[in-house]
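# Descriptive structure summary
Now for the letters of each chain:
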Amino acid sequence: MRIDSYIEKLLFDYNCVVIPGFGAFLAHGKSAEIDLATNTLVPPSKTISFNAQLSKNDGLLVSHISKEKNLGYEDILQEVEHIAQDWNHRLAQGESIELFGIGKLWHNNEQSIQFQPEEKINFLTSSFGLSTFAATPIQREVIKEEVEELEERIPFIITPEKREQTSFRPWLKYAAVILLAVSLGATSYRTYGDLQQKEVAAQQDAQQKVSRLIQEATFFESAPLELPAINIKVTKKQLGKHHIIAGAFREEQNADKKVNQLKEKGYNAFYLGVNKYGLHQVAYDSFEDPKEALVFLRKVKAEDSRDAWMLSEK
């Protein structure tokens, strides 16, 4: 009778299988590992070893064979002990014993039993289906620190330099970024130079729409205030062509009141006159230079009224 198949089966479920009168096979857990030399990943497993000192019958192997063969315990025990005697005799004669699925046994020069486990079988049931496989290393592009710093700074001056064809491609992306930055800078510079003139033109185009909206607006829902008549000596102001308008009123008294309010705030306000819609216009100030007018308009919108707008005369 061969008992190596029964031993193999028990090693999947137990860590120690004793052959009475011969020794014991021991199973030890082993963690997964990576062989860096071969890039091989080995799953968790059980390693099998042999100990000739553990030869006292623990009943596990004999009971298992007795149940499998449906024979009496004592009969199986005698047969297993007979097999153990035969193995000891063969080893003493210098022979080796091959146990299928378990490993190889033989005597060394000191007549001690040596064991070489079978590495093709993994006795760890939780690793069922896992096998050893070789992992291909991932090739990554290594970028030097000097290149990373250069990418962050993005220099705007390019010094032409002859390079070999093999070294040109890695720098192609940096040249594209630099050219894009220079192009954007030049475009922004030209755009800034035209900004003021375009804004003036936009203000002039909007004047007609604003005037139409002012005609439809109601600036004072309540009756206009009746102010006492006063005599004011007016000195005609030398006006520019670009006026920053504070408001347009249906009643001249309300326009005069607005002028006084703005002068109290420190503005060079004045009554501009009646527009084509019959509204009395009040201006913060007047400028000859449209750029100065636009700067002043932004200041007024930020500090006093967001409803201010610019009226430019042709």
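Residues numbered from 1 in each chain as written. Predicted model: local features only at pLDDT ≥ 70, side-chain atom pairs only at ≥ 80, totals over all residues. Heavy atoms only, no water.

### Describing the overall build of the protein chain
For the record, the criterion: Only runs of H or I of at least four residues qualify as helices and only runs of E of at least two qualify as strands under DSSP, and these elements are numbered from the N terminus. The buried label applies to any residue whose accessible area, calculated with a 1.4 Å probe on protein chains only, is under 20% of its type's maximum; exposed applies above 50%, and partly exposed to all values in between. Should any heavy atoms of two residues lie within 4.5 Å, those residues are counted as being in contact. Method for areas: the Shrake-Rupley scheme with a 1.4 Å probe, in which residue coverage is limited to the protein chains shown.
Secondary structure summary: the protein chain contains 8 helices and 13 strands in total. The buried share of the protein chain, reckoned over its 314 residues, is 29%. In the protein chain, 61% of the contacts between residues at least 6 apart in sequence involve partners at least 24 apart. For the protein chain, the exposed area adds up to about 22,500 Å²; of that, 51% sits on carbon and sulfur atoms.

### Brief notes about the packing of aromatic side chains
Filter applied, for reference: Only rings of Phe, Tyr and Trp enter the pairing, Trp through its six-membered ring, and a pair is recorded when the two centres are within 6.5 Å. The plane angle decides the type: under 30 degrees is stacked, over 60 is edge-to-face, the rest tilted.
Applying the stated criterion across every chain yields a total of 7 aromatic pairs. A ring pair is formed by Y267 and F296, whose centres lie 6.2 Å apart and whose planes are at 85°; its orientation type is edge-to-face. Residue Y267 is located in the loop between α7 (252–264) and β11 (270–274), and its partner F296 is located in helix α8 (residues 290–303); the two are separated by 29 residues in the primary sequence. F296 carries the same exposure label as Y267, and that label is buried. For the pair F287 and F296, a centre-to-centre distance of 5.2 Å together with 50° between the ring planes defines the contact as tilted. Of the two residues examined, F287 and F296, each falls in the buried class. Of the aromatic side chains, those joined through ring pairs into one cluster are F22, F25, F50, W87 and F115.

### Side note on the side chain of S305
Basically, it comes down to this: For this analysis, a polar contact is any N or O atom pair within 3.5 Å, provided that within protein one partner can donate a hydrogen and the other can accept it, and provided that sequence-adjacent residues contribute only side-chain to side-chain pairs.
Relative to the elements of secondary structure, S305 occurs in the loop between α8 and β13 (309–312). Among the polar contacts made by the side chain of S305, one reaches the main-chain amide nitrogen of D307 at a distance of 3.2 Å.

### A short note on the sheet that holds strand β12 (residues 280–287)
What counts is decided by this rule: Two strands pair if DSSP finds at least two bridges between them. All axes are obtained by fitting lines to C-alpha atoms, using only the stretch in contact for helices, and the reported angles, taken between N-to-C directions, cover 0 to 180 degrees.
With antiparallel pairing, 4 strands are arranged side by side in an open sheet as β11-β12-β10-β13. Each edge of the sheet is formed by a strand with only one pairing partner; in this case those strands are β11 and β13. Between one strand and the next, the sheet's axes are offset by a mean angle of 45°, whatever the strand orientation. Where strand β10 (residues 242–249) and β12 come together, 7 bridges link them in antiparallel fashion. Directly across from I245, in β12, lies its bridge partner A283. Where α7 meets the sheet, its contacts fall on β10, β11 and β12, and the angle it forms with β12 comes to roughly 30°.

### Quick notes on the pattern of salt bridges
Applicable threshold: Think of a salt bridge as a Lys or Arg side-chain nitrogen and an Asp or Glu carboxyl oxygen that are within 4 Å of each other.
In total, this model carries 5 salt bridges according to the counting rule given. Taking the shortest distance from any N to any O, the salt bridge between D86 and R90 comes out at 4.0 Å. Remark: R90 and D86 occur in helix α3 (residues 73–92); sequence separation between them is 4 residues, near one turn of the helix. Owing to a relative accessible area of 26%, R90 belongs among the partly exposed residues under this scheme. Between D304 and K265 there is a salt bridge, with its nearest N and O atoms 2.8 Å apart.

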